[in-house]
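So the chains spell out like this:
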Amino acid sequence: MSSISPVLENEFKPLSSPEATPISVAYGDGIGPEIMKATLEILEAAGAQLDIEKIDIGAQVYEQGHSSGIASEAWDSLRRTKVFLKSPITTPQGGEYKSLNVTVRKTLGLFANVRPCVSYHPVVENLHPTMDVVIVRENEEDTYGGIEHQQTDEVAQCLKLITRPGSERICRYAFEYAVANNRKKVTCMTKDNIMKLTDGLFHKVFEEVAAEYPQIESEHWIIDIAAAKLATAPEEFDVIVTPNLYGDILSDIAIQLTGSVGMGGSANIGDGIAMFEAIHGSAPPIAGQNIANPSGLLNAAVMMLVHIGQPAIAEKIQNAWLKTIEDGIHTEDIVSEKQTKQTVGTQEFAAAVIERLGQKPEGLKAVEYNSDSHGELKVTIKPTVPAVKTMVGVDVFVHWHEVKPDDLGAALESISNDDLSIKMITNRGVKVWPNGFPETFCTDHWRCRFKSSDDQPISHQQIIDLLSRISAAGIDFIKTEHLCLFDGKPGYSLGQGE
Ligand code: NAD
């Protein structure tokens, strides 16, 4: 069965016009089809010029045996239209299935995930009347490479990769977004007090990029206290830029603070290609009941219309939507005693928005989009200048059942030589040899640091020889990490307690 099907009779009929922009649309799973139908009806009524290719992704595609949840015809459509309006999908449980969202974002190079989280107080009750935060989340790197290994009986590892180009691209995007949208401040959030090389790189690149935008205030917060601050005083933030995992968590917290997870839309931006979706998932418990709030997907569609150069339609739709919620026409998730005048279902909500096309809100601030509203923001990154790299040692990770670091230290001392000698053993990052503490809890996963004397350069062959000796001593080495100086600066962290 083809994964591209013609638009069905009762679904969105594109206005056939030469100006129509081709887009790919996926109806998704759970509440996906209901909220997509509602959204496309509003887009059609507002006069959006869209030429829709419907693609199938998600549950039914997983069931057909595509472990990624997407078939090749759908990829063809996405690469042809380069604009994707997507409903949420259900990721099946189980190790053999990959998250389709992560696959699409990474395969298409959608590096920036932009999530505006705006308070519609008092219409939608919440504790933060003036909250207006945009979270710009790095979308491809960090632990989301999903590069994981079980290394020993007791230890599994996930690689956290932070790159200079990836960090520069997202930080530049955040500042460009701030400039294009008249924002005043960009806040970077990392945990670089602990992860000095990975989060430290992100923070460093942020400072470099910030220096090129003196008109925008910039600041850095450690993520834990920043998250606490965001949850209690979100009005203190404007644009937030952060690595992938923190951004994932923060943006769900932030959108919930606005009153409902059903309200937020997001844009996933790449180079010449973009995907627009609601922040929330497929909400299986409320699927098929006509009670889901279509606002998240509708707000994503508004971002899409601005992106593809149809700002007047975007403005018309968002103002009609604001007027609808201001008039107290609410779906169940945002019902309140004071503000709700009529509780409606998904399709009735869409009809109410359509009725108000051309109207503006009176209490809530009306939006204005025009040809200056940013479509695509271009960011160019500087080429990396290679450093002088000197290899001065190696961390050899071993699987060792005995909980006696002194025995392992002695065994490794006996195979050290003048080129490479054992300097330190850590367990879960803490130094346990030499001179460890008996109180330190140890697993079966040991990092054994071999260094040359006085940072003399060493060769790959010397490492291979060392590994041969370790293997001959009956020690199960499971991985190595080279210790290098980059322009004379150590490219590795010290052990805790070293
Ligand atoms: P979820 O966001 O789907 O739902 C959590 C709860 O929030 C729902 O039970 C519902 O009470 C409420 N909710 C969500 N959207 C709503 C809406 N539009 N209107 C009213 N209430 C709404 O999160 P989940 O339950 O953790 O995930 C369900 C499935 O969705 C999982 O398979 C997950 O992998 C998937 N998911 C997909 C996406 C995506 O496609 N972008 C994103 C997140 C989760």
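Right above here is the structure, for reference.
Reference entry: report on the structure contained in this document. Just so it is clear, the structure is predicted and the values come from calculations on it, not from any experiment. (Residues numbered from 1 in each chain as written. Predicted model: local features only at pLDDT ≥ 70, side-chain atom pairs only at ≥ 80, totals over all residues. Heavy atoms only, no water.)

1. Here's the deal with the overall build of the protein chain
To keep it simple, the criterion reads: A helix here means a DSSP run of H or I that spans at least four residues, while a strand means a run of E at least two residues long, and both kinds are numbered starting from the N terminus. The buried label applies to any residue whose accessible area, calculated with a 1.4 Å probe on protein chains only, is under 20% of its type's maximum; exposed applies above 50%, and partly exposed to all values in between. Note on contacts: a residue pair is in contact if any heavy atoms of the two residues lie within 4.5 Å. Here the Shrake-Rupley method, with its probe set to 1.4 Å, supplies the accessible areas, and only the displayed protein chains count as covering residues. The positive count covers Lys and Arg only, the negative count covers Asp and Glu only, and His and the chain ends enter neither. A charged residue contributes its charge at one atom only: NZ of Lys, CZ of Arg, CG of Asp or CD of Glu.
Along the protein chain, the regular secondary structure elements total 13 helices and 21 strands. For the C-alpha atoms alone, the extent of the protein chain along its principal axes is close to 80 × 55 × 45 Å. Evaluated residue by residue, the protein chain yields a buried proportion of 53% over its 498 residues. Put simply, of all contacts in the protein chain between residues at least 6 apart along the chain, 77% involve residues at least 24 apart. For the protein chain, the accessible area works out to roughly 22,200 Å², and carbon and sulfur atoms hold 53% of it. Between the centroid of the 43 positive side chains of the protein chain and the centroid of its 68 negative side chains there is a distance of 4 Å.

2. Describing the nonpolar core
Formally: Among the buried residues, those of types Ala, Val, Leu, Ile, Met, Phe, Trp, Tyr and Cys that are joined through side-chain atoms within 4.5 Å form a nonpolar core. Boundaries of every domain are those given by an automatic assignment or by a domain database.
Within the largest apolar cluster, 79 residues are counted, with the highest numbers of intra-cluster contacts made by L43, L85, Y173, L305, I317 and I325. Here the element with the most residues in this core is helix α9 (residues 295-307); it accounts for nine residues. When residues of this core are assigned to domains, at least three fall in each of domain 1 (1-113 + 258-370) and domain 2 (127-256). If near-sequence neighbours (up to four positions away) are discounted, L305 is found in contact with L43, A48, L50, Q310, P311, I313, A314 and I317. Among the nonpolar cores identified, the runner-up in size contains 24 residues, and M391, W400, L420 and C448 belong to it.

3. Quick look at the site of the ligand
Rules: Put simply, a residue is near a molecule or strand once any heavy atom of it comes within 4 Å of that molecule or strand. Think of a polar contact as two N or O atoms within 3.5 Å of one another; within protein, one of them needs to be a possible hydrogen donor and the other a possible acceptor, and neighboring residues in sequence only count if both atoms come from side chains. Three categories are distinguished: nonpolar for Ala, Val, Leu, Ile, Met, Phe, Trp, Tyr, Cys and Pro, charged for Asp, Glu, Lys and Arg, and polar for the others, with Gly belonging to the last.
The immediate surroundings of the ligand are formed by 19 residues, with I89, G281, S282, A283 and N293 found nearest. A distance of 3.1 Å separates a nitrogen atom of the ligand from a polar atom in the side chain of H280. Between a nitrogen atom of the ligand and a main-chain N or O atom of N293, the distance comes to 2.9 Å. For the ligand, whose unbound accessible area comes to 810 Å², protein coverage reaches 66%. Across the shell around the ligand, the residue classes break down as eight nonpolar, eight polar and three charged.

4. Regarding the pattern of salt bridges
Keep this limit in mind: One side-chain nitrogen of Lys or Arg within 4 Å of one carboxyl oxygen of Asp or Glu is enough to make a salt bridge.
Within the structure shown, the criterion is met by 28 salt bridges. The partner of E212 in a salt bridge is R172, with the nearest N and O atoms 2.9 Å apart. A residue pair is termed long-range when its members are at least 10 positions apart, and E212 in the loop between α6 (198-210) and β10 (217-222) and R172 in helix α5 (residues 164-180) qualify at 40 residues. According to the relative accessible area criterion, E212 is partly exposed, its value standing at 40%. R172 gets classed as buried once you look at its relative accessible area, which sits at 8%. Between R183 and D238 there is a salt bridge, with the nearest N and O atoms lying 2.9 Å from each other. Placement of R183 in the loop between α5 and β9 (185-190) and of D238 in the loop between α7 (223-232) and β11 (239-242) is noted, with a sequence separation of 55 residues between them. Of the two residues examined, R183 and D238, each falls in the buried class.

5. Considering the pairing of strand β19 (residues 445-451)
For the record, the criterion: Following DSSP output, two strands are said to pair if at least two bridges run between them.
Taking burial as the measure, the seven residues of β19 include seven buried ones, the bulk of the element. Side-chain alternation along β19 places H445, R447, R449 and K451 on one buried face and W446, C448 and F450 on a second face that is also buried. Where strand β16 (residues 389-399) and β19 come together, seven bridges link them in antiparallel fashion. Along β19, the bridge assignment pairs D395 with R449.

6. Side note on the side chain of D199
Positionally, D199 belongs in helix α6. Of the polar contacts made by the side chain of D199, one reaches the side chain of K160; its length is 2.8 Å. Contact partners of D199, with chain neighbours within four places excluded, come to K160, T190, K191, D192 and Y246.

7. Details of the packing of aromatic side chains
Short version of the rule: Between rings of Phe, Tyr and Trp, where Trp is taken as its six-membered ring, a pair exists when centres lie within 6.5 Å; planes separated by under 30 degrees are stacked, by over 60 edge-to-face, and by other angles tilted. Here, a charge over a ring is recorded when the distance from Lys NZ or Arg CZ to the ring centre is within 6 Å and its angle to the ring normal is within 35 degrees.
All chains considered together, the criterion is met by five aromatic pairs. Considering the side-chain rings of F175 and Y213, the 5.1 Å spacing of their centres and the 20° angle between planes classify their relative orientation as stacked. Here Y213 lies in the loop between α6 and β10 and F175 lies in helix α5, a separation of 38 residues in the sequence. In textbook terms, an aromatic cluster arises when at least three aromatic residues are bridged by ring pairs, as seen for F175, F206 and Y213. Cation over ring: K479 sits above F397, and NZ or CZ is 5.1 Å from the ring centre.

8. Focus: a nonpolar patch on the surface
Spelled out, the test is: Distance thresholds for patches are 9 Å for like charges and 5 Å for nonpolar side chains (Val, Leu, Ile, Met, Phe, Trp, Tyr), applied to residues having over 30% relative accessible area and no salt bridge.
Together, L245, I249 and I253 give the surface a local cluster of nonpolar side chains, amounting to about 220 Å² of exposed area. With respect to the element layout, I249 can be found in helix α8 (residues 244-257). Since its relative accessible area comes to 48%, I249 is described here as partly exposed.

9. Examining the packing of helix α1 (residues 32-46) against helix α11 (residues 346-355)
Packed helix pairs are specified by the crossing angle of their axes together with the interaxial distance, meaning the distance between the axes. The following threshold applies: Under this scheme, a helix contributes an axis fitted over its contacting stretch, all axes are lines through C-alpha atoms, and angles between N-to-C directions fall in the 0 to 180 degree range. Any angle that is under 35 degrees is reported as roughly parallel, and any over 145 degrees as roughly antiparallel; angles of 65 to 115 degrees are reported as roughly perpendicular and all others as oblique. In a left-handed crossing the near helix is turned counterclockwise from the far helix by less than a right angle, and in a right-handed crossing that turn is clockwise.
Between α1 and α11, the least distance of the axes is 9 Å, while the angle of their chain directions is 15°. By the angle between their directions, the pair α1 and α11 is classed as roughly parallel. The chirality of how α1 crosses α11 is right-handed. Between α1 and α11, the residues in contact are E34, I35, K37, A38, E41, I42 and A45 and T346, Q347, A350, V353 and I354, respectively. Of the residues assigned to the contact of α1 with α11, the class counts are seven nonpolar, two polar and three charged.

10. Brief notes about the side chain of N268
When you line up the elements, N268 lands in strand β12 (residues 265-269). Residue classification places N268 among the buried positions, given a relative accessible area of 0%. At a separation of 3.3 Å, a polar atom in the side chain of N268 contacts the side chain of N113. Ignoring sequence-local partners within four residues, the contact set of N268 consists of R105, L110, A112, N113, N139, I273, A274, M275 and E277.

11. So, the sheet that holds β16
Spatially, six strands are ordered β18-β17-β19-β16-β20-β21 in an open sheet, and the strand pairing comes out antiparallel. Of all strands in the sheet, those bounded by a partner on one side alone are β18 (430-433) and β21 (489-490). In this structure, strand β17 (residues 421-427) lies alongside β19, joined through six bridges in antiparallel fashion. Residue pairing for β19: T426 is matched across the bridge by R447. Sheet contacts for helix α12 (residues 405-414): β16, β17, β18 and β19; angle to β17, the most-contacted strand, approximately 155°. Here helix α13 (residues 460-472) sits on the sheet and contacts β16, β19 and β20 (476-486); the angle it forms with β16, its principal contact strand, is near 15°.

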